[in-house]
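# Architecture and fold: a report
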There are 2 protein chains.
Amino acid sequence: MSPKILTVKENILASNEEKAGLNRKLLDRHNILMINVLSSAGSGKTSLILQSISRLKARYRIAVIEGNVASCIDADRISRENIPVIRINTGGGCHLDAPMIKKALNALDLDGIDLIFIENVGNLVCTADFDLGAHKNAVILSVPEGDDKPYKYPVMFSEADVVLVNKTDVLPYFDFNLDGFPEIIGGLNPSAKVFPVSAKTGEGMDSWFSWIEESLK
Amino acid sequence: MSPKILTVKENILASNEEKAGLNRKLLDRHNILMINVLSSAGSGKTSLILQSISRLKARYRIAVIEGNVASCIDADRISRENIPVIRINTGGGCHLDAPMIKKALNALDLDGIDLIFIENVGNLVCTADFDLGAHKNAVILSVPEGDDKPYKYPVMFSEADVVLVNKTDVLPYFDFNLDGFPEIIGGLNPSAKVFPVSAKTGEGMDSWFSWIEESLK
């Protein structure tokens, strides 16, 4: 990055952080838990959120803020669950930021919500820099992407509260060392939980659901 | 993105484009083909480049410019091939730009090279905006990422000369409609070639190698 864009980025990040803090205060006043779901493109953010809605919507009032660069495919899939969905089309932008989330929160009836999932833009780099005001960051890494990604995208993994290793149903077809993976994450981020899951088959998802319910208390 | 960062981005892009043009002229004077390899994280850029080096290095003098956000794992893998490798660590930056590539070209003996692969940062969003001075853009989408990605990241796919659908060896385990995929790409970018390949098993790679050799003529 050039020095010029770097300086602007620093200013933008400072202003973003302040607004993220305000978002978090607003949520706290309404006793809402907000979870920012981050991953590369195609790791399974939408599927994970859909499964979580399906499991938890009988007990909690859930809403989704859905970020995309261009299309509305994911928002359309989630809308079928009959819960409030706010779409943010970034128009080519590579991440969501706190002001975008503030607008989305303004469009929701916060007194009728317990839990908000943010589906961030599919991107392991830029999204990591922007605090949105969420209480938790859940990062998904899918088995086909490879177990070396935490070394290559360390900021993302060092800021995660939870790392979900998704698509464990295809483990036999890829060289992903699942046994050694918690140690890789532990080296970067000792307090992060690691949950191996398959959003497709449901395997391992109970640990993730329990963690959400614990976080809601 | 805020209006402020948007304006700076426009200026940066205009200046980048000018420098990319100069890179291309420099390469043309030395009769070098430069291919920019782009994809999300974990789609198989390094494996594709390694296979291409292995197949083509007896006939062509190859160099690699290797972009990463943080680590040097990929550059280390490629260095074992005993060809010139220039590493660019973006220090957290989400893409390569033309000035970075200019520095890398300055560090290479251009009279002794026929073909340069750039391995861009793993990112389907930001990397698409920056012309590096390459002659061709090769975009990899791997089967596990899903066939809807061109709709969701249209800029990247509309600027591709070639789209490689990688990891076809795992097609039976994923819902990826390979037969319908060329039509999706054709709708965005009618002149792009689509090559289904497995960099792991070698399946389909001959079409890719032939395309490189055609482009070298």
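All of the points below concern the structure found in this document. (Residues numbered from 1 in each chain as written. Chains lettered and ligands numbered in written order. Predicted model: local features only at pLDDT ≥ 70, side-chain atom pairs only at ≥ 80, totals over all residues.)

## Re the relation of the copies chain A and chain B
- Taken as rigid bodies, chain A and chain B are interconverted by a rotation of 180 degrees and an axial shift of 0.0 Å, the fit giving an RMSD of 0.0 Å. Classification of the inter-copy transformation places it as that of a two-fold axis.
- The overlap is high: 100% of the interface residues of chain A also sit at the interface in chain B, so the same surface is used on both sides. (Least-squares fit on C-alpha atoms with pLDDT ≥ 70 in both. Contact = placed C-beta atoms within 7 Å.)

## Overview of the interface of chain A and chain B
- Counting from both sides, the interface comprises 37 residues of chain A and, opposite them, 37 residues of chain B.
- Of all the secondary structure elements, the ones that give two or more residues to the side of chain A that touches chain B are helix H1 (3-29), helix H5 (149-152) and helix H6 (154-158) of chain A.
- A total of four residues in the side of chain A that touches chain B trace back to one element, the largest contributor, which is H1(A). (Helix = DSSP H or I, 4+ residues; strand = E, 2+ residues; numbered from the N terminus.)

## Some details on the sheet that holds strand E1 (residues 33-39) of chain A
Residues and elements named next belong to chain A.
- Read across the open sheet, the seven strands follow the order E3-E2-E4-E1-E5-E6-E7; overall the sheet is parallel. Each of the sheet's edge strands pairs with one partner strand only, and the pair in question is strand E3 (85-89) and strand E7 (193-196). Put simply, the sheet's adjacent strands are angled 20 degrees from each other on average, direction ignored.
- Where helix H4 (residues 98-106) meets the sheet, it contacts strand E2 (62-68), E3 and strand E4 (115-119), and its direction lies at approximately 150 degrees from that of E3.
- Of the strands in this sheet, E1, E4, strand E5 (136-142), strand E6 (162-166) and E7 touch helix H8 (residues 205-216), which is tilted by about 145 degrees from E7. (Pairing = 2+ DSSP bridges. Axes fitted to C-alpha atoms, helices over the stretch in contact; angles between N-to-C directions.)

## Observations concerning the sheet that holds strand E3 (residues 85-89) of chain B
All names here are of chain B.
- Within the open sheet, the seven strands sit side by side as E3-E2-E4-E1-E5-E6-E7. Their pairing is parallel. Each having just a single partner strand, E3 and strand E7 (193-196) make up the two edges of the open sheet. Strand-to-strand, the axes of this sheet are offset by a mean angle of 20 degrees, without reference to chain direction.
- Helix H2 (residues 45-56) contacts strand E1 (33-39), strand E2 (62-68), strand E4 (115-119), strand E5 (136-142) and strand E6 (162-166) of the sheet and is inclined by roughly 165 degrees relative to E4.
- The strands touched by helix H8 (residues 205-216) within the sheet are E1, E4, E5, E6 and E7, with E7 carrying the most contacts at an inclination of about 145 degrees.

## Overview of helix H4 (residues 98-106) of chain B
Residues and elements named next belong to chain B.
- Those residues of H4 lying buried are Ala-98, Met-100, Ile-101, Ala-104 and Leu-105. All buried residues of H4 project into a common sector of 155 degrees when viewed along the axis, lining one side. Those residues of H4 that are exposed and aimed more than 90 degrees away from the buried face are Lys-103 and Asn-106. (Buried ≥ 20, exposed ≤ 12 C-beta atoms within 10 Å, placed from the backbone. Arc of directions from axis to C-beta.)

## Re the pairing of E7(A)
All names here are of chain A.
- Of the pairings in the sheet, the one linking E6 to E7 comprises four bridges and is parallel in character. Bridge assignment links Val-165 to a residue of E7, and that residue is Pro-196.
- As for the winding sense of the linkage, the β-α-β connection from E6 through helix H7 (residues 181-188) to E7 is right-handed. (Right-handed = clockwise from strand over helix to strand, strands pointing away.)

## Here we look at the nonpolar core
- Grouped together as the largest cluster of nonpolar side chains are 125 residues, with contacts concentrated most on A:Ile118, A:Val163, A:Leu164, B:Ile118, B:Val163 and B:Leu164.
- Those residues in contact with A:Ile118 that lie beyond four places of it in its chain are A:Met34, A:Asn36, A:Val37, A:Ile65, A:Gly67, A:Leu96, A:Ile101, A:Leu132 and A:Ala134. (Core = buried A, V, L, I, M, F, W, Y, C linked by C-beta atoms within 7 Å.)

## A closer look at the packing of helix H2 (residues 45-56) of chain A against H8(A)
Residues and elements named next belong to chain A.
- Running from N to C, H2 and H8 point in directions that differ by 65 degrees, and their axes come no closer than 11 Å. In terms of orientation, H2 and H8 fall into the roughly perpendicular class. Relative to H8, the crossing made by H2 is right-handed. On H8, the residues touching Gln-51, Ser-52, Arg-55 and Leu-56 of H2 are Met-205, Phe-209 and Ile-212.
- Here the contact of H2 with H8 is built from residues that sort into four nonpolar, two polar and one charged. (Parallel < 35°, antiparallel > 145°, perpendicular 65-115°, else oblique. Left-handed = near helix turned anticlockwise from the far one by under 90°. Nonpolar A, V, L, I, M, F, W, Y, C, P; charged D, E, K, R; others polar.)

## Thoughts on the environment of A:Lys200
Residues and elements named next belong to chain A.
- With respect to the secondary-structure elements, Lys-200 resides in the loop between E7 and H8.
- Take Lys-200: there are 17 C-beta atoms within 10 Å of it, and that puts it in the partly exposed class.
- Sequence separation between Lys-200 and Lys-167 is 33 residues; the distance between their C-alpha atoms is 7.2 Å.
- In this view, Lys-200 contacts Ser-47 and Asp-169; residues no more than four positions away in its chain are not counted.

## Focus: the environment of B:Arg87
Residue and element names in this part refer to chain B.
- Within the secondary structure, Arg-87 is located in strand E3.
- Taking the C-alpha atoms as reference points, Arg-87 and Ala-104, separated by 17 residues in sequence, lie 8.0 Å from one another.
- Among residues more than four places away in sequence, those in contact with Arg-87 are Glu-66, Cys-72 and Ala-75.

Spatial relationships are all this shows, so hold off on functional conclusions.
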